[in-house]
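Here is what each chain is made of, one letter per residue.
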Amino acid sequence: MATEHVHVARTLMDHLPVLVVLVPFLAAPLTVLLGSQRLAWPIAFVSSLVSFLISIKLLMQVIDGGVISYHIGGWAPPLGIEYRIDAANAFVLLLVSAIGTIVMPYTVQSIKSEISERHHTLFYTMYLLCFTGLLGVVATGDAFNVFVFLEISSLSTYVLVAMGAKADKRALTAAYDYLIMGTIGATFFVIGIGFLYAGTGTLNMADIAAHISTNGADRTIETAFAFIVVGMGLKVAIYPLHLWLPNAYTYAPSAVTSFLAATATKVAIYVLLRFMFSVFQPDFLFEINALRWIMIPLALVAMFAASLIAVFQSDLKRMLAYSSIAQIGYILLGIGLLSATGLSGAIVHLFNHGITKAALFMGVGALVLRSGSSFYARIEGMGKVMPWTSFAIVIAGLSLIGVPGTAGFISKWVLVQAALEQGWWPIALAVVASSLLAIIYVWRVIEVLYMAQPADPTRREAPLSMLIPLWIMALSTIWFGLDTDMTMSAARAAADGLLNGFSIGGTSVGH
Amino acid sequence: MMVDIIPTAFLFFLAAMVAPFVPVVLRSVLLVALPILAGFQIWYLPEGMLLQVGFFGFELELMRVDPMARIFGLVFSLAAFLGNLYAWHVRDTVQQVAALLYAGSAIGAVFAGDLITLFFYWEGTAIASVFLIWARRTEGAYHTGIRYLVVQIGSGVILIAGAALFYRETGSIAFENMTLGSLATWLIFLSFGIKCAFPLMHNWLQDAYPAATVTGTVILSAFTTKLAVYALARGFAGTEILIYIGAIMTLFPIFYAVIENDLRRVLAYSLNNQLGFMVVGIGIGTELALNGTVAHAFAHILYKALLFMSVGAVLFRTGTAKGSELGGLYRTMPLTMIFCVIGAASISAFPLFSGFVTKSLILSASAKEHYYYIWAILLFASAGVFHHSGIKIPYFAFFAHDSGLRPKEAPPHMLIAMGIASFFCIAVGVYPQPLYALLPYEVEYISYTTTHVITQMQLLMFSALAFTVLMRTGIYPPELRSVNLDSDWSYRWLLPRMIRKIATVVAAIWNGILSFLTQRLKNIIAGLYHSHGPEGRMASTWPTGAMVIWISVLLGTTLIVSFFG
């Protein structure tokens, strides 16, 4: 079923796997070099749009289980760097580039009020770099290259978070904390890769996988596994390693939060998946143990503890940050179940939660624009003065709960199915029970927005440039709740691809 | 597979989406015209499974058209038409949209060929209908609405739980006749039972219907319970326990109905009693009995709507529906009075009115299957119906002592709606063949045999006689706020007191347990707030060092698990 297109590239179409990363990567310095505030936005928007279109094209090429292998500079792997596109990463590429593009128009108004004027050009540079980094992490098939792109995205993220300092100085400490944490995580990750290199003598992921599956695992490789999982786990915000997330999301500018919440952790999860299932084979005992005794318990703790914290929050943006941690718990749970259904549940939730959270944070940004803060006390009664924004928040909130007919329902349903498939009905119950907590925290928002009198009835609705991206996101949560063909088949193909590892295409790589 | 057909329910949903943006006058036209359109569509639909939609690996059957679904679809469209016509004067967008969504969901449910589709529409009716109660916009209506919603949503949740188990057991989600036995079927049965207001699960009905708006009650009365009847007839025909449940349903509301003062609540109780007849028919499950159930549901929707409309018109004009505050209205509301009497005659099953030709089908079926006790109970219940709905409603609203109220006649659109409903009530009674032709099974039945007519007339005449005697001898002084027309004193005085005594004890125990649990719950929440609240340990932002510790702990654990696991 899987066919390997070895790179004999001559036409532009054959260069798509690298172009998806290259376009924003080249656009980023361009914005600085031109130095024009007027041109920065169009450049950023066009380049992210191009990436988005390329991602669609790539997903269409690989959705049937195909794999595209692109050799950078014509150097064949394992010596050269390989970009490897299959259903799993094409799907994540699509998510990242879609969110990156849709958030773009939203940034215009949002950063005007939240970021000081002189940083505007720089904002787009950083945004593009972060975008590039995330896409690069996903597209590449080279372990060290993952680290490089991860650092590109992380460093630019720290800057982006710090830009929230105009509204609240605490953004600086949040960015600093994130910097320290993120660096530790990245260091762990690179140590892990070092061990892998020591153990296998190669950095190409497919090659590492082939080496491990023929020679088996030894202590070095097991240690590498632990370092990589923990290091990446920090980027994912696995439960006790989530501490950087609430502050970073709360104090970053709204546009940044919308973009990051929907993409950054999701990309980290993708890396985790790629390493756990493709590089290390899950049939190794040590990995099963790690998943069963570490991943699943932590996922369950996250689902409840973070949801409870979210219930008691009094700041909408912070509440959503904690709910993100809880939702990541669902995704990890799906991964921990170690089955095709569980994995596709995790992947589809990764997508569905991405769009849901993007919509919610955009809605918060619009509220902040008009009310100056996202504290419940400040946004009381906004349902009356900002009906469009508020209703979009309600729709996305329903998806966050997992109400039938919304995207959130689909992924939770698959997760519950996956748990029942293995006869783990307490876990299925836990998914449902923690959704009840989600009902509480979403209901509190609805109550704040609709059941109180607005503090200042003269406030206006958010500008269209914010409302349109917001509603695209909100409606897409409904769209993907009703039409599950695209997401489910892509997630299914991705899960199958991951579970098969590189075993199918793996042999032909070293030729 | 045909794709070029729009499910009838979607017509309503479409209209509901458009309605808020249509100018006010056009909106009323839309509301009235749409059910007619839907009715025509249903009439001309070919039979079979017309539309499949893939959902998550399941094949959903959105349009299963067969005679049973068709007749329910038709009468629901008719009821929607009458209800919307009656509500012509209403300018409340919420009510109008809710009415459309509600009718659409009910019709959608009738055509659902599988349990998942049924579930979606089932919840649809619950959610849409509650707005008709809330539309009254009083504190009481809000709380009633919440109670109603909890029960209705609960019914839906039980349904989907049952459906999930059913799928696991049988591997099918098709909505066909089931036999009680497994947990799955019991859950589905229970969910239908709640919506059908089985005894002890019935309180939501008397609670909610009288609390809705004048027009809302008319619409409410048509769909929810009859949808449940349809679901039972489709899913549990021939389930014997239904016969006894139905028999109890015909009996117990009578006693409540006779001591009730609010006329709309009386009608709610009598609705429950009429449902009992249908449930008995389903329980018997023969072709004759099912025909009877379906026919009775058809007739019932119309005359019950008519009765609610006439009492609603009185409420609309006078502001009260309490029997003790009304009376003598025939002087100024003669047409409403006539329509009310026609509705009362129909529900009492007077010959030449619709109730007679449909109820006798069920009675005959019970006799034919040798359920003589049941037959006797149904007969007694018929007499009870005549007392509380046939005589009490028109008598206390329009005759009795003169209340001094001189309201205007009901507005024209209400009169037209009532007139059309009356026409159908009489037409079905006089010439039942077209209705019989629509029934699911072949009918070779003649209602107007001498025996039937005489039995029924004896029953009615003696009831009327009893009523007259009791009124004349002054046993029931008119100033009593709730007037018991039933001869039995014990039910008015003794039973309530006994019940009250028992209730006090039960309530005390219940309250004790409840307050204990509430206290525990409060403590738990306080504890959780302490740990997870914004100032709690769990939510505090820890110093960077704390996280580094966590990283090393996690790394250590992972290593240990990997090495020694």
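Considerations on the packing of helix 10 (residues 241-259) of chain B against helix 11 (residues 263-284) of chain B
Residue and element names in this part refer to chain B.
In step 1: Interhelical geometry of helix 10 versus helix 11 gives an angle of 165° and a closest axis separation of 7 Å. The angle between helix 10 and helix 11 falls in the class roughly antiparallel. As for how helix 10 packs across helix 11, the hand of that crossing is left-handed.
In step 2: Looking at the contact of helix 10 with helix 11, its residues break down into 17 nonpolar, 7 polar and no charged.

A look at the interface of chain A and chain B
In step 1: Facing the 31 residues of chain A at the interface are 24 residues of chain B.
In step 2: Counting residues per element, the ones that place at least two in the side of chain A that touches chain B are helix 6 (170-200), helix 8 (219-236), helix 9 (244-251) and helix 11 (285-312) of chain A.
In step 3: A per-element tally of the side of chain A that touches chain B places helix 11 of chain A first, with 10 residues.
In step 4: Residue composition of the side of chain A that touches chain B, grouped by class: 22 nonpolar, 7 polar and 2 charged.

Quick notes on the pairing of strand 3 (residues 58-61) of chain B
All names here are of chain B.
In step 1: Relative to strand 3, strand 2 (residues 52-55) is paired through 4 bridges, and the arrangement is antiparallel. Considered in strand 3, the bridge of Gly54 is made with Glu59.
In step 2: What sits between strand 2 and strand 3 in their antiparallel hairpin is a turn of 2 residues, with Phe56 showing a positive phi close to 60°.

What to know about the confidence of the model for chain B
All names here are of chain B.
In step 1: When pLDDT is averaged along chain B, the result is 82; 95% of the residues meet or exceed 70.
In step 2: Looking over chain B, one finds the lowest element-wise mean pLDDT in helix 19 (residues 489-492), namely 46, and the highest in helix 3 (residues 67-86), namely 90.
In step 3: A low-confidence stretch, residues 477-492 stays under pLDDT 50, and its non-local contacts, those more than four residues away or across chains, total 28 contacts.

Regarding unusual backbone geometry
All names here are of chain A.
In step 1: For Ala237, which is not a glycine, the phi torsion comes out positive at approximately 70°.
In step 2: Topologically, Ala237 is positioned in the loop between helix 8 and helix 9.
In step 3: The buried category is assigned to Ala237, around which 28 C-beta atoms lie within 10 Å.

Some words on the nonpolar core
In step 1: Counting residues in each nonpolar core, the largest one holds 220 residues, and the members touching the most others are Phe91 and Val161 of chain A.
In step 2: When residues of this core are assigned to their parent elements, the largest contribution, 18 residues, is made by helix 10 (residues 254-279) of chain A.
In step 3: With residues up to four places along the chain from it excluded, the contact list for Phe91 of chain A reads Leu59, Ile347, Phe351, Ala490, Ala491 and Ala494 of chain A.
In step 4: Counting residues in each nonpolar core, the second largest holds 186 residues, with Ala247, Ala321, Ala365 and Ala397 of chain B among its members.

Conventions we followed
- Every chain is numbered on its own, with residues counted from 1 as its sequence reads.
- Chains carry letters from A onward and ligands carry numbers from 1 onward, assigned in written order.
- Local features are withheld for residues below a pLDDT of 70 in this predicted model, meaning they are given only at 70 or higher, and side-chain atom pairs are given and counted only at 80 or more; totals for whole chains, interfaces and linings count all residues.
- Note on geometry: axes are lines fitted to C-alpha atoms, helical ones only across the stretch in contact, with angles between N-to-C directions running from 0 to 180 degrees.
- The helix count covers DSSP runs of H or I at least four residues long, the strand count covers runs of E at least two residues long, and both are numbered beginning at the N terminus.
- The labels follow the angle: roughly parallel below 35 degrees, roughly antiparallel above 145, roughly perpendicular from 65 to 115, and oblique for the rest.
- Handedness of a helix crossing follows the sense of rotation of the near helix relative to the far helix, less than a right angle counterclockwise being left-handed and clockwise being right-handed.
- Classification convention: Asp, Glu, Lys, Arg as charged; Ala, Val, Leu, Ile, Met, Phe, Trp, Tyr, Cys, Pro as nonpolar; all other residues, Gly among them, as polar.
- A residue pair is marked as a contact if its C-beta atoms, positioned from the backbone, fall within 7 Å.
- Pairing between two strands is assigned when DSSP locates at least 2 bridges connecting them.
- Per-residue confidence from the predictor is given as pLDDT, running between 0 and 100.
- Counts of 20 or more other C-beta atoms within 10 Å of a residue's own C-beta define buried residues, counts of 12 or fewer define exposed ones, and intermediate counts define partly exposed ones; C-beta atoms are placed from the backbone.
- For our purposes the nonpolar core covers buried Ala, Val, Leu, Ile, Met, Phe, Trp, Tyr and Cys residues that link as a set through C-beta atoms within 7 Å.

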